[in-house]
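# Chains, contacts and geometry: an overview
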Amino acid sequence: VQLQASGGGLVQAGGSVRLSCAASGRTFSTYNMGWFRQAPGKEREFVAAITWSGGSTYYRDSVKGRFTISRDNAKNTVYLQTNSLKPEDTAVYYCAAGAPLTLIRLEGRYNYWGQGTQVTVSS
């Protein structure tokens with residue numbers, strides 16, 4: 001599976017961006033999908049995830065109510081809608097694909113990673 005993330009950019013605090021992650025291959029619908037982010041000088045962290053069927057979603061506490069993950073298996077694409085952005089959301093955002101296992105918040109559950117897309121939130 002190859003992943004291509006897009007949609008990042010520079011946005012003012014309070015604004016929104018929608019990130020997209022397009023996947024190659026015919027097995028996209030069998031993978032759990034996740035979004036992670038890495039801010040300068042910090043470790044990469046879990047942001048959101050969605051199960052292969054789209055039936056369950058998971059979020060880190062700091063983005064609950066502001067971010068929404070979704071997927072369109074017909075388009076082999078997963079999305080991350082980010083609203084009410086804050087300067088602390090500034091990071092490179094990565095999408096990832098993994099087998100439908102438990103512990104969906106863990107990086108180690110993901111086998112394939114996109115190249116990342118930069119989101120910068122100005123105050």
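Our structure is the block above this text.
Computed from a predicted structure; not experimentally measured. (Residues numbered from 1 in each chain as written. Predicted model: local features only at pLDDT ≥ 70, side-chain atom pairs only at ≥ 80, totals over all residues. Heavy atoms only, no water.)

### As for the overall build of the protein chain
Along the protein chain, the regular secondary structure elements total zero helices and eleven strands. Listed N to C, the secondary structure of the protein chain is β-β-β-β-β-β-β-β-β-β-β in terms of helices and strands. Relative to its length of 123 residues, the protein chain is compact, with a C-alpha radius of gyration of 13 Å against a globular reference of 14 Å. With the principal axes as the frame, the protein chain shows a C-alpha extent of 40 × 25 × 25 Å. Expressed as a percentage of the 123 residues in the protein chain, the buried residues total 43%. At a minimum sequence separation of 6, the contacts of the protein chain that also span at least 24 residues come to 57%. In the structure as shown, the protein chain presents an accessible area of about 6300 Å², 48% of it carried by carbon and sulfur atoms. Measuring between centres, the 13 positive side-chain charges of the protein chain sit 6 Å from its 7 negative side-chain charges. (Helix = DSSP H or I, 4+ residues; strand = E, 2+ residues; numbered from the N terminus. Rg over C-alpha atoms; globule rule 2.2 N^0.38 Å. Buried < 20%, exposed > 50% of the residue type's maximum accessible area, 1.4 Å probe, protein only. Contact = heavy atoms within 4.5 Å. Areas by Shrake-Rupley, 256 points an atom, 1.4 Å probe, with all protein chains shown as cover. Lys, Arg positive; Asp, Glu negative; His and termini not counted. Charge placed at Lys NZ, Arg CZ, Asp CG, Glu CD.)

### Considering the environment of Thr68
Summarising the element assignment, Thr68 is placed in strand 7 (residues 67-72). With a relative accessible area of 43%, Thr68 lands in the partly exposed category. Setting aside anything within four residues of it in sequence, one finds Thr68 in contact with Tyr59, Tyr79, Leu80 and Gln81.

### Describing the packing of aromatic side chains
Taken as a whole and assessed by the stated rule, the structure comprises five aromatic pairs. Aromatic side chains Tyr31 and Tyr112 sit 5.8 Å apart centroid to centroid with 90° between the ring planes, which places their arrangement in the edge-to-face category. On the criterion of sequence distance, the pair formed by Tyr31 in the loop between strand 3 (17-23) and strand 4 (32-38) and Tyr112 in strand 10 (residues 112-113) is long-range, its members being 81 residues apart. Here the aromatic rings of Phe36 and Trp113 are separated by 5.0 Å at their centres, their planes lie at 55°, and the arrangement is tilted. Of this pair, Phe36 sits in strand 4 while Trp113 is found in strand 10, placing the two residues 77 residues apart along the sequence. Grouped by ring-pair contacts, the aromatic residues Phe36, Phe46, Tyr110 and Trp113 constitute a single cluster. Sitting over the face of the ring of Tyr94, Arg44 holds its NZ or CZ atom 5.1 Å from the ring centroid. Residue placement shows Arg71 over the ring face of Phe28; its charged tip is 4.5 Å from the ring centre. (Phe/Tyr/Trp six-rings, centres within 6.5 Å; stacked < 30°, edge-to-face > 60°. Lys NZ or Arg CZ within 6 Å of the ring centre and 35° of its normal.)

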